[in-house]
Every structure is written in structure tokens, then in C-alpha cells.
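Single-letter residue listing:
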Amino acid sequence: MRAADRFQAAYDAALRPYPYAWTAGKESSARWIADRIGPGRVLDIGGTTRLLDLLHARGQDVTYYDRYPPAEPRPYPVHLGDMHTVADALPPQSFDWVVMRHTLEHSLNPLLVLWQVNELLADGGHAAIIVPNYCEGWVRFWTHFSVLPVQSWLMLFHRAGFDVVEQADGYWDDAQTDPHFIEHRFILTQQTRTLRLD
């Protein structure tokens, strides 16, 4: 067995779901994204069901993709799988928007995931990405593998073929004031299919 396969087996054996709960702060984070989503097909990688429910209620064509199934059946397509193989599960260039809200920090290889997002987007499509602020607490959180400074995210977006069209900071705590719960929010547009490693 190859080392990469042995690692994946060890990772899968050690990984356990975390009991994330929905909060008012997370709702504001999801609404920030919903307010920016334009027309077209939307893929959420990471399973933010509340966001997909909002978009579905306004008539958008939405798709759920996550390692874990939603807690309850959804009225839209649900696909299960690891984010690192999402482009193997869905047709290329079939989405106008890809959303990753607090997903990329859980990635073992965020450049690979972003490259696949590019593959899944139609020409000129958009991605809405939210990641937590780089700080000791989130770097050490046991489900996080890629809590990066903003400049590192910007570099990865560029290398994966995206341009940043909007960048903002917000909170995802209920009071909207806790500095430990600052998140970085990005709207990206697909510019090129070529990896830009410069």
C-alpha cells in the first residue's frame, strides 16, 4: 500500500465528527454569503444546510457536498465525500457559485481543493469563502489543519486561478464582538484554469 493510502486510512480512522451547533452568529455569516450569491447553480462544500435552505427557499438550484450527511433529509441533492475529491464526484464547470463557509481550514491541502473548485465552476464563476482568523486557538483546534494568515489565503487563491473581487472581515459569535471569532470573507471570480505558481 502506498504511503498516501496508508496516511488516508490512518486519517479516516482518527477523524471523528465534531458536534457543531448552529448559532445566531453563524446565521449572520451565512447571510453575508446569501446576500452576495447571484443567479445560477450553487454548490456548498462543507454542508452549511442553513445557507442552502435560505438559497433554496428563494428558488435557487443548490447542491450539498460534505463528508457527513445532513441531520435531516433535504429537498435538494446531497453528495457525500471528502473535499479533497469533490471534483471526482461532480461534473466539471457545472456550477456558477461554490461556497465554502468555514471549510478550507479543515483541509489537508487547500490548494488542491481550490483547484478543484476552479474545475467545478463555469467560466467566470464565483466562489464565496470564509475562514477563521489566524490565531493560536484556531491553529490548535483539533479539526483544523490549514488556519493561515490572510496573505497566505490570497496567495493560494491566486495560484488556483482566482481573483479576489471582495474581501471583508466579520464575526461569527452571537454578540458579534469576540476577537477570537473574527472571520475573513472572500468573494472570488474564476479567471484562469491554469495554476499560477509565480
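Residues numbered from 1 in each chain as written. Predicted model: local features only at pLDDT ≥ 70, side-chain atom pairs only at ≥ 80, totals over all residues. Heavy atoms only, no water.

**Student:** Whenever I open this one, the environment of Gln176 confuses me. Can you help?
**Tutor:** Tracing the backbone through its elements, the reader meets Gln176 in the loop between strand 6 (162–171) and strand 7 (182–190). Here the alpha-carbon distance between Gln176 and Gly25, two residues 151 residues apart in the chain, equals 6.6 Å. If we ignore the near neighbours within four places in the chain, the residues touching Gln176 are Gly25, Ser28 and Tyr171. A polar contact is formed between the side chain of Gln176 and the side chain of Ser28, at a distance of 3.1 Å. (Helix = DSSP H or I, 4+ residues; strand = E, 2+ residues; numbered from the N terminus. Contact = heavy atoms within 4.5 Å. Polar contact = N/O pair within 3.5 Å; in protein donor to acceptor, adjacent residues only side chain to side chain.)

**Student:** How do you make sense of the pattern of salt bridges when you look at a structure like this?
**Tutor:** For side chains bearing opposite charge, pairing can occur when the charged atoms are close. The final tally for this structure, using the stated rule, is 12 salt bridges. Asp5 is paired through a salt bridge with Arg2; the nearest N and O atoms lie 3.2 Å apart. For the salt bridge of Arg41 with Asp61, the shortest nitrogen-to-oxygen distance reads 3.2 Å. One end of the pair, Arg41, is in the loop between helix 2 (24–34) and strand 1 (42–45); the other, Asp61, is in the loop between helix 3 (49–57) and strand 2 (62–66), and 20 residues separate them in sequence. Taken together, the salt bridges that share partners define one network made up of Asp12, Arg67 and Asp82. (Salt bridge = Lys/Arg side-chain N within 4 Å of Asp/Glu carboxyl O.)

**Student:** What's the story with the sheet that holds strand 7 in this structure? I'm lost.
**Tutor:** By way of backbone hydrogen bonds, the strands of a sheet pair with one another, either parallel or antiparallel. Taken in spatial order, the seven strands line up as 3-2-1-4-5-7-6 in an open sheet, and their pairing is mixed. Edge positions in the sheet fall to strand 3 (78–80) and strand 6, since each of these pairs with one other strand and no more. Ignoring strand direction, the axes of neighbouring strands in this sheet form an average angle of 15 degrees. Here strand 2 pairs with strand 3 via three bridges, running parallel. Along strand 3, the bridge assignment pairs Asp66 with Leu80. The strands touched by helix 3 are strand 1, strand 2 and strand 4 (95–101); relative to strand 2, the strand with the most contacts, the crossing angle is about 170 degrees. Along the sheet, helix 5 (residues 110–120) makes contact with strand 1, strand 4, strand 5 (121–132), strand 6 and strand 7, crossing strand 5 at roughly 145 degrees. (Pairing = 2+ DSSP bridges. Axes fitted to C-alpha atoms, helices over the stretch in contact; angles between N-to-C directions.)

**Student:** How should I be thinking about the pairing of strand 2 in this particular structure?
**Tutor:** A regular strand places its side chains on the two faces of the sheet in alternate fashion. Burial of strand 2 is extensive: five of the five residues sit out of reach of the surface. Here strand 2 shows two buried faces, one formed by Val62, Tyr64 and Asp66 and the other by Thr63 and Tyr65. As paired strands, strand 1 and strand 2 are joined by four bridges and run parallel to one another. Paired with Ile45 across the strands is Tyr65, a residue of strand 2. Each parallel crossover has a hand, and the one from strand 1 via helix 3 to strand 2 is right-handed. (Buried < 20%, exposed > 50% of the residue type's maximum accessible area, 1.4 Å probe, protein only. Right-handed = clockwise from strand over helix to strand, strands pointing away.)

**Student:** Teacher, can you tell me more about the environment of Glu105 here?
**Tutor:** With respect to the helices and strands, the residue Glu105 is situated in the loop between strand 4 and helix 5. For Glu105, a relative accessible area of 2% puts it in the buried group. Placed 23 residues apart in sequence, Glu105 and Asp82 show a C-alpha to C-alpha distance of 14 Å. In this structure, Glu105 is in contact with Ile130, Val131, Pro132, Thr143, His144, Phe145, Ser146, Val147 and Trp153, ignoring residues within four places of it in sequence.

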